[in-house]
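Below, each chain spelled out in residue letters.
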Amino acid sequence: MRATRSILLLALKDVRLLLRDRLGAFFTFAFPVLYALLFGLMFSGTGEGSGTVGIALVDLDRTDGSRAFVERLADSEALDVTLVADSDAGRELVRRGKLSALLVLPEGFGDPATTLVRGERVRLEGVVDPSRKAEAAILKGTLSGLVFEHIGDSLRDPDRARAVIAESRAALSEGAPPAVAAAVDRMLSGVEGLLDEGEAVGLGAADGPIDLAIGELTSGERTVPVTAYALTFPQGAAWGLMACALGSSLSLVGERSRGTLVRLSLAPIARWQILAGKALSCFVISLVMLAVLVGVAHLPVFGVRAESYMLLAVASVCACAAFVGVMMLVASFGKTVAAVEGFGRAVLLVLALVGGAAVPVVFMPVWMRTAAGVSPFRWVIEAMDGAIWRGFGVQEMLLPCGVLLAIGLVGFVGGSLMFRFSRVMGD
Amino acid sequence: MLSFRGVTKTFGRVRALDRLSFRIEPGEVFGLLGPNGAGKTTSISLAVGLLRPDSGSIELEGIGEPHEQAAREALGVSPQSLAVYDDLTARENLELFSGLYGMTRRERRARARELLERVGLHDRANDRVAGFSGGMKRRLNLAAALVHRPRIVLLDEPTAGVDPQSRNALFDIVRGLRDDTTTVVYTTHYMEEAQRLCDRVAIIDHGRLLALDSVSELISRFGGEGERVAQDLEPAMTGSPGGGDLESVFLELTGRTLRD
Ligand SMILES: Nc1ncnc2c1ncn2[C@@H]1O[C@H](COP(=O)(O)OP(=O)(O)O)[C@@H](O)[C@H]1O
Ligand SMILES: [Mg+2]
């Protein structure tokens, strides 16, 4: 009872101190929103042309098939296509930063529909501005979407479909024994099934949320529209949590160096209660920050809606708990405020980047995606993404939320054990 | 009330306290005097249980050892480094600290008002500490040590960096504590303060006890030698011209090598 009250009093004190520190409060509550806004604008495909990816396009194949595909690319709202005569001209445009990527339809590109039915991969060559990796990923997603769309349309046109089937039969009969021909129907119906699901399969599973970054495509099960902000608000949340955790760590270490921690540890309360007070204030501030962020995300300009608010609440609580653990660990890093701030910021920054708080994990190379597992940021984003736009069920939520709670527990206990209370009264 | 028995404490290779022994009587104002680095703050830290002695023992009579929970209620500390929240008001500081001693909201209010009155900060009760002068912060730092009416109050250099008015107010507060039969441990390197306030004085240096007695006893015992020392100093520094005071005793015992 008395213990609980002491913890509450200490937490209340921290909240009060934060609110009095205008700059601190601004960074805590406004920065995550700014982050989400800024990156949302960058990824957004809904702005007037500004969100589209500018590409240079070279058609070296010059067949009817390739020309039809070029037309489709040019018609796409997600792409701003500039036709160029050869690769060098396109490369130059990319090098000068005028365009994000160069795309080459190589000789033998032909008709993507036929290519796919033959069981080969549709091959495109490209050059991407390395500073625009995110757009490159969007481009990749867009392209696979367009390829499927193209094939889908081709096969919906009876004449084209017949031609494709004929061609694939021909291809098969060349080398395959007649018995195999029986399998062709099955294969083709399989292809048709694939085409029906085209968008969902091609973009949802293979390329993760790339379709979402351009804010156009929705999967079959999704009930809420997905905008670029749906991606960037979870990232903003991750940065916000980092700021809250770091702020609380510094507040704890600052209390030690300014001497108030001595006064607290001389009161008839246990040390764990002092730390629990700090943990509680960190938790509450983080949760309020997330609530503000979700509230702002709901504004018409952002239009973010969550698939499940219940799961979003669960994800938020778990995320805050995880960062309480992070806070405690960071606070145990060093002796002085400057040491903890420098070291803590550096470590958290790396974890944030690795965990996809800037460039989403799906855009990373595979080894890095695996490495991201160590980052609490990755799990925060997965849990928030899951609740907001991935449409996670309870089952799928268990892993990220479980990991977050484990991070919170291990971090708090470990950090508390390592944290050194002041033993002399300054001088 | 509080006894040190052969207490030794080292930090790495520094021997901060060296077999220090003394006993503080209930209700007295006990001065712990020594130059910088003598071991005053270390003694206080040991007395309140923040540190444990390497050898020897410390006992709070009728209470137990300093690190035990029971000692928390009995001890009040005003650390040398100010231990108050700059961005809280004076009242909020005191209400927070008294809350940690289990007082109800009403009790906390009343206690904060009473203490602010006592340290002369009642008219600044709702101002943030950040805007306070050094002397005001010191007075608040002292008030914070008193929220739970401790039986023993330890003041570590309570007058460091304050103006004469604040210093005078602090003296009055200490005298008030003595009138309430509170035991006070007062560390300082200002001899004049010890002379004015303390019933008994321990002079320590390099963690060792050099002398322990009432101020008048110390002066009569060591003062003769000290007169010669005092004559070399500015009269203003020794407090009273012509020697025969605690400053001379202090310099006599601790030598005249510069410390920091
Ligand atoms: N935490 C510490 N680590 C290392 N040395 C210390 C520590 N605290 C005090 N000391 C050393 O112990 C001696 C006594 O210090 P202290 O008790 O603070 O002296 P005083 O308060 O009398 O000025 C000094 O030499 C000081 O440098
Ligand atoms: Mg000291």
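Being a predicted model, the structure only gives us computed values, none of them experimental. (Residues numbered from 1 in each chain as written. Chains lettered and ligands numbered in written order. Predicted model: local features only at pLDDT ≥ 70, side-chain atom pairs only at ≥ 80, totals over all residues. Heavy atoms only, no water.)

The number of helices and strands found in chain A is 19 helices and four strands. Taking all 427 residues of chain A together, 51% fall into the buried category. Sequence separation of 24 or more characterises 77% of the internal contacts of chain A that already satisfy a separation of 6 or more. Element-wise, carbon and sulfur atoms account for 63% of the exposed surface of chain A, whose accessible area totals about 19700 Å². (Helix = DSSP H or I, 4+ residues; strand = E, 2+ residues; numbered from the N terminus. Buried < 20%, exposed > 50% of the residue type's maximum accessible area, 1.4 Å probe, protein only. Contact = heavy atoms within 4.5 Å. Areas by Shrake-Rupley, 256 points an atom, 1.4 Å probe, with all protein chains shown as cover.)

Now for the side chain of Thr159(B). Residue and element names in this part refer to chain B. With respect to the helices and strands, the residue Thr159 is situated in the loop between β6 (152-156) and α6 (164-179). Among the residues examined, Thr159 registers a relative accessible area of 1% and is labelled buried. A distance of 2.4 Å separates the side chain of Thr159 from the side chain of Glu193, its partner in a polar contact. In this structure Thr159 touches Arg167, Leu170, Phe171, Tyr186, Tyr190 and Glu193, once residues within four positions along its chain are discounted. (Polar contact = N/O pair within 3.5 Å; in protein donor to acceptor, adjacent residues only side chain to side chain.)

Glancing now at the sheet that holds strand β4 (residues 55-60) of chain B. Residue and element names in this part refer to chain B. Taken together, three strands build an open sheet; the order of strands is β2-β1-β4 and the sheet is antiparallel. The open sheet has two edge strands, β2 (14-24) and β4, and neither has a second partner. Neighbour-to-neighbour, the strand axes of this sheet turn through a mean angle of 20 degrees, independent of strand direction. Most of the contacts of helix α1 (residues 40-47) go to strand β1 (residues 2-11), to which it runs at about 120 degrees, and overall it touches β1, β2 and β4. (Pairing = 2+ DSSP bridges. Axes fitted to C-alpha atoms, helices over the stretch in contact; angles between N-to-C directions.)

Take the interface of chain B and chain A next. Every contact between the two is made by 35 residues of chain B and, on the other side, 28 residues of chain A. Regarding the contact of chain B and chain A, the summed buried area is about 2900 Å², with carbon and sulfur atoms giving 61% of it. Among the residues of chain B in contact with chain A, Leu50(B), Tyr85(B) and Leu100(B) are the three that bury the most area, contributing 27% of the side total. The interface formed by chain B and chain A contains three salt bridges. Between Arg20(A) and Glu92(B) there is a salt bridge; the shortest N-O distance is 2.7 Å. If you look at where chain B meets chain A, you find 11 residue pairs in polar contact (both at pLDDT 80 or more). Elements with a minimum of two residues in the side of chain B that touches chain A: α1, α2 (69-74), α3 (90-99) and α5 (134-145) of chain B. (Buried area = accessible area lost by both parts, 1.4 Å probe. Salt bridge = Lys/Arg side-chain N within 4 Å of Asp/Glu carboxyl O.)

To continue, consider the packing of aromatic side chains. All names here are of chain A. Applying the stated criterion across every chain yields a total of 14 aromatic pairs over all chains. Measuring from centroid to centroid gives 5.7 Å for Tyr35 and Trp239, while their planes differ by 45 degrees, and the two rings are tilted. Placement of the pair is Tyr35 in helix α3 (residues 31-43) and Trp239 in helix α12 (residues 228-258), with a sequence separation of 204 residues. We classify Tyr35 as buried; its relative accessible area is 8%. Given the relative accessible area of 11%, Trp239 is considered buried. Through a chain of ring-to-ring contacts, the aromatic side chains of Phe26, Phe27 and Phe31 assemble into a single cluster. (Phe/Tyr/Trp six-rings, centres within 6.5 Å; stacked < 30°, edge-to-face > 60°.)

This part covers the packing of α3(B) against α5(B). Residues and elements named next belong to chain B. As a packed pair, α3 and α5 sit with axes 9 Å apart at the nearest point and diverge in direction by 20 degrees. Taken together, the axis directions place α3 and α5 in an arrangement best described as roughly parallel. The two elements α3 and α5 cross, and the hand of that crossing is right-handed. On α5, the residues that touch Ala90, Asn93, Leu94 and Phe97 of α3 are Leu140, Ala143 and Ala144. Here the residues of the contact of α3 with α5 sort into six nonpolar, one polar and no charged. (Parallel < 35°, antiparallel > 145°, perpendicular 65-115°, else oblique. Left-handed = near helix turned anticlockwise from the far one by under 90°. Nonpolar A, V, L, I, M, F, W, Y, C, P; charged D, E, K, R; others polar.)

Looking now at the coordination of the magnesium ion (ligand 2). Residue and element names in this part refer to chain B. Listed as protein donors to the magnesium ion (ligand 2) are Thr41 (OG1) and Gln80 (OE1); their distances from the metal cover 2.0 to 2.3 Å. Within this pair, whereas Thr41 is found in helix α1, its partner Gln80 is found in the loop between β5 (75-78) and α3, the two being separated by 39 residues in sequence. Across the pair, Gln80 and Thr41 agree in class, each one buried. (Donors = N, O, S within 2.8 Å, 3.2 Å for Na, K, Ca; no water.)

Attention now moves to the packing of helix α15 (residues 309-331) of chain A against helix α19 (residues 394-418) of chain A. Residue and element names in this part refer to chain A. The contact between α15 and α19 brings their axes to 6 Å, and the two run at 25 degrees. Our classification of the angle between α15 and α19 gives roughly parallel. Where α15 crosses over α19, the handedness of that crossing is left-handed. Broken down by class, the residue content of the contact of α15 with α19 amounts to 19 nonpolar, six polar and no charged.

On to the site of ligand 1. Among the 12 residues in the neighbourhood of ligand 1, the closest are listed as Gly37(B), Gly39(B), Lys40(B), Thr41(B) and Thr42(B). Proximal residues around ligand 1 fall on chains A and B, making this an inter-chain site. At a separation of 2.7 Å, an oxygen atom of ligand 1 approaches a polar backbone atom of Gly37(B). Between Lys40(B) and ligand 1, the recorded distance is 2.8 Å, taken from a backbone N or O atom to an oxygen atom. Within the complex, the protein chains bury 67% of what would otherwise be the 550 Å² of accessible surface of ligand 1. For the shell around ligand 1, the secondary structure elements donating two or more residues are β2 and α1 of chain B. (Near = heavy atom within 4 Å.)

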